[in-house]
Each structure stands twice: as structure tokens, then as C-alpha cells.
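Examination of the molecular architecture
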Amino acid sequence: VPSLASRPEVRTVFQSALHDLLTITTAERAVILYGEGSEEPSVRASQGFPVEGFWITAPLSLEVLRHVQTTGEALEIVDVKHDERVQDHLSLLLTEVSSLVCAPLWGPGGEIAGVVYADWKGPVTLNRPKLLPRVQELTRKLEQFLTQAASGTSVPNPFSNPVSGPFKAERPRSPIDVRVKA
């Protein structure tokens, strides 16, 4: 019997959830990690992070992921440099992450099976709307899908933009990308 996460329709839903996560947050990078049973969560969908060797080579704070994964506490950090919860995380400073959001992903058995994570670089926008409630709503939809799929129920993709292959967001254009010709 193939694992839940390896089923084609489930892989498609992970990609669709990532697409919606990037759309909701306008994040530059995002990852959905999920593991079954005692299996360590692995990358199920990613934009801007390595899939192979994620826990060794990913340029982000593994401390943040582990904290959310072990406590179940979701985090939204608007200003990494000035938030006492993470300001001493060298990995965030080295990767120049300015803001992040991370929510636990509960498995069908009621255990924390992974996390949903997104981050931004560049200037901090202090007055932007809170994203955590929307990310948690997306995460709940994914959890409901996984629970129903694990029970053998055929469930349609709950996300707005079904994606059949790996989602590749286009890199946002910056003023540096625009070449002015004289």
C-alpha cells in the first residue's frame, strides 16, 4: 500500500496548497513539510528551498521549524531583527529573512505531522495585514483533505488553483530587473 503522501492526487494537493500559500502571502519562499507516523517530515512542495537534503542544507532557521513542529504553536514574525523570539537566530540573519509565518500541520492521527512555512526578504512592512489566520485556514483545509484521503474517501482538491506538476512562481520583478535604455 503506497503511503498517503506518495499518492498522485495527494501530491497534486500539496502543490496546489503551495500555490495558494504563495498567492495568499506573496512570500518569496515557501515550503510544506509532511511526514507520516514516526517518519520525519520531508518536503512535499517547495518554492525557493532544496528538496533533497532539506534538513541539512535549507537556508532558513531550523529552530523555528522545530519549535512549531514540537509545540504546535504557530508563529508570525513581522520583523525578524527586532522580535525577541528569533532575533538571535543566526540562520535568519545570514539568509536576510525579514519576516516569516509558520503553522503546524496536523496529521490524520491527531499528531503534528509537519509545518507550512513562508518567508520574505527585503524591507519590513509593519502595517501589512496579519497573514497567520489565512495561513492557518489554508493549513486546516489541507489537514481536512489529508484526514479524508487517509480514510479512503475520494476527496476533490480543496484548493482554488489545482496544479498538476511542481509549482514554479515567477520571481517578482524588481527595479534592478528593469533596464533603462538611453
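Before going into details, it helps to say that this report is about the structure given with it. Values in this document were obtained by computation on a predicted structure and should not be read as measured data. (Residues numbered from 1 in each chain as written. Predicted model: local features only at pLDDT ≥ 70, side-chain atom pairs only at ≥ 80, totals over all residues. Heavy atoms only, no water.)

1. Quick look at the overall build of the protein chain
When its secondary structure is counted, the protein chain shows five helices and five strands. Secondary structure elements of the protein chain occur, N-terminal to C-terminal, as α-β-β-α-α-β-α-β-β-α. Counting all 182 residues of the protein chain, 45% fall into the buried class. (Helix = DSSP H or I, 4+ residues; strand = E, 2+ residues; numbered from the N terminus. Buried < 20%, exposed > 50% of the residue type's maximum accessible area, 1.4 Å probe, protein only.)

2. As for helix α5 (residues 132–150)
In an α-helix, one turn spans 3.6 residues; hence positions three or four apart end up facing the same way. For α5, with 19 residues, the first-to-last C-alpha span of 26 Å sits near the 27 Å given by 1.5 Å per residue. For α5, the complete set of buried residues consists of L132, V135, L138, T139, L142, E143, F145, L146 and A149. Here the buried residues of α5 occupy an arc of 165° about the axis, which is enough to place them on one side. Exposed residues on α5 whose side chains face more than 90 degrees from its buried face are E137 and Q144. Buried-residue contacts for α5 involve α1 (8–25), β1 (29–34), β3 (75–77), β4 (97–106) and β5 (112–121). Downstream of α5 by one or two residues, G152 has phi in the positive range, about 95°. (Expected span 1.5 Å × (residues − 1). Arc of directions from axis to C-beta. Contact = heavy atoms within 4.5 Å.)

3. Overview of the pattern of salt bridges
Considering all chains together, one arrives at five salt bridges under this definition. Between D119 and R29 there is a salt bridge, with the nearest N and O atoms lying 2.5 Å from each other. Here R29 lies in strand β1 and D119 lies in strand β5, a separation of 90 residues in the sequence. Just as D119 is buried, R29 falls in that class too. (Salt bridge = Lys/Arg side-chain N within 4 Å of Asp/Glu carboxyl O.)

4. Focus: the packing of α1 against α5
Here α1 crosses α5 at 170°, and the two axes come no closer than 10 Å. Taken together, the axes of α1 and α5 are roughly antiparallel relative to one another. In this structure, α1 uses E9, V10, V13, F14, A17, D20, L21, I24 and T25 to contact α5, whose residues at the interface are R134, V135, L138, L142, F145, L146 and A149. Residue classes in the contact of α1 with α5 are distributed as twelve nonpolar, one polar and three charged. (Axes fitted to C-alpha atoms, helices over the stretch in contact; angles between N-to-C directions. Parallel < 35°, antiparallel > 145°, perpendicular 65-115°, else oblique. Nonpolar A, V, L, I, M, F, W, Y, C, P; charged D, E, K, R; others polar.)

5. Things to note about unusual backbone geometry
The bulk of non-glycine residues show a negative phi, and the bulk of peptide bonds are trans. Of note in the backbone geometry, T26 takes a positive phi value of approximately 55° without being a glycine. Following the sequence through the fold, T26 ends up in the loop between α1 and β1. According to the relative accessible area criterion, T26 is exposed, its value standing at 60%.

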